[in-house]
Amino acid sequence: MKALGLLGGTFDPVHFGHLRLGIDALEELSLESIRWIPSGAPGHRHSPVASAAHRLEMLRLAIADEPRFHVDAAELESSEPTYTINTFKRLRGELGKEISLVMLIGMDSLLTLHTWREWQKLFDFAHFAVAERPGCTLNEAELDPNLKALYQERHTDSTTLCKTPHGHVVRFNSVPVAVAATDIRSRLAKNQSARYLIPATVLRYIESHALYR
Ligand code: ATP
């Protein structure tokens, strides 16, 4: 069975933490490709700082040299708040039931998964693959009890991803990159360098459009 990775986020801006997550997922989870899905107005968090058009262009620049990375800009074109459950329904409508869909997230996202809209239903549409993120550790004792139960029930190894289209949680190894978009925005606002935290092409774009000042 083919497995397609999904990487959703605000990408405000996209950085090497996201890119490393993507490339490690391709290799560790034997994915065919990854769809990068920038969110419009995210339903459960603050609005992005840069406009949808700028975030999209930065993402395009960042992934331009990896042919297995593709952008899916559908959410940016919608005026509705973005919820992952709607994204998953849209993708199943487009791609059918047979393909394995693997939502790639960092550990910080797993720890708050129970706050996502219809979060338990998400597993009827996709798997979740979780990478370490510096500063976030999975302490099962501290997890929300419902999330802990779901994690224990659905956690398995990555070979399952190519055998079933949805329904499981796996962990995978990714090089830890202690970068967050919040920190990059804060550096840029203070006129500090963001070099080597984001691709040079993205930094040039930010500078030429005076973003995050
Ligand atoms: P912000 O600081 O604005 O909240 P962010 O850097 O966390 O942004 P998002 O666009 O919110 O980036 O993240 C999208 C996805 O990428 C999330 O699942 C998140 O866990 C994951 N991710 C982001 N940065 C990293 C990183 N450095 N290492 C591992 N995963 C990451």
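Residues numbered from 1 in each chain as written. Predicted model: local features only at pLDDT ≥ 70, side-chain atom pairs only at ≥ 80, totals over all residues. Heavy atoms only, no water.

What is the right way to read the site of the ligand from this model?
The ligand sits among 21 residues. The nearest are H15, D108, V177, A181 and T182. Residue H15 places a side-chain N or O atom 2.8 Å away from an oxygen atom belonging to the ligand. Isolated, the ligand exposes 600 Å² of accessible area, and the fraction of that covered by the protein chains is 91%. Within the residue set of the shell around the ligand, elements represented by two or more residues are β1 (3-9), α1 (16-28), β6 (100-106), α4 (107-111) and α6 (181-189). Tallied by class, residues from the shell around the ligand come to seven nonpolar, nine polar and five charged. (Near = heavy atom within 4 Å. Polar contact = N/O pair within 3.5 Å; in protein donor to acceptor, adjacent residues only side chain to side chain. Areas by Shrake-Rupley, 256 points an atom, 1.4 Å probe, with all protein chains shown as cover. Helix = DSSP H or I, 4+ residues; strand = E, 2+ residues; numbered from the N terminus. Nonpolar A, V, L, I, M, F, W, Y, C, P; charged D, E, K, R; others polar.)

Just checking my understanding: could you explain α1 for this structure?
Here α1 is 13 residues long and its end C-alpha atoms lie 18 Å apart, about the 18 Å a rise of 1.5 Å per residue gives. Among the residues of α1, G17, H18, L19, L21, G22, I23, D24, A25 and L26 are the ones counted as buried. Count one or two residues on from α1 and you reach S30, which has phi positive near 50°. (Expected span 1.5 Å × (residues − 1). Buried < 20%, exposed > 50% of the residue type's maximum accessible area, 1.4 Å probe, protein only.)

Honestly, the environment of H54 in this entry has me stumped. Any pointers?
In this structure, H54 sits in helix α2 (residues 52-63). In this structure, the C-alpha to C-alpha distance between H54 and I206, residues 152 residues apart in sequence, is 8.6 Å.

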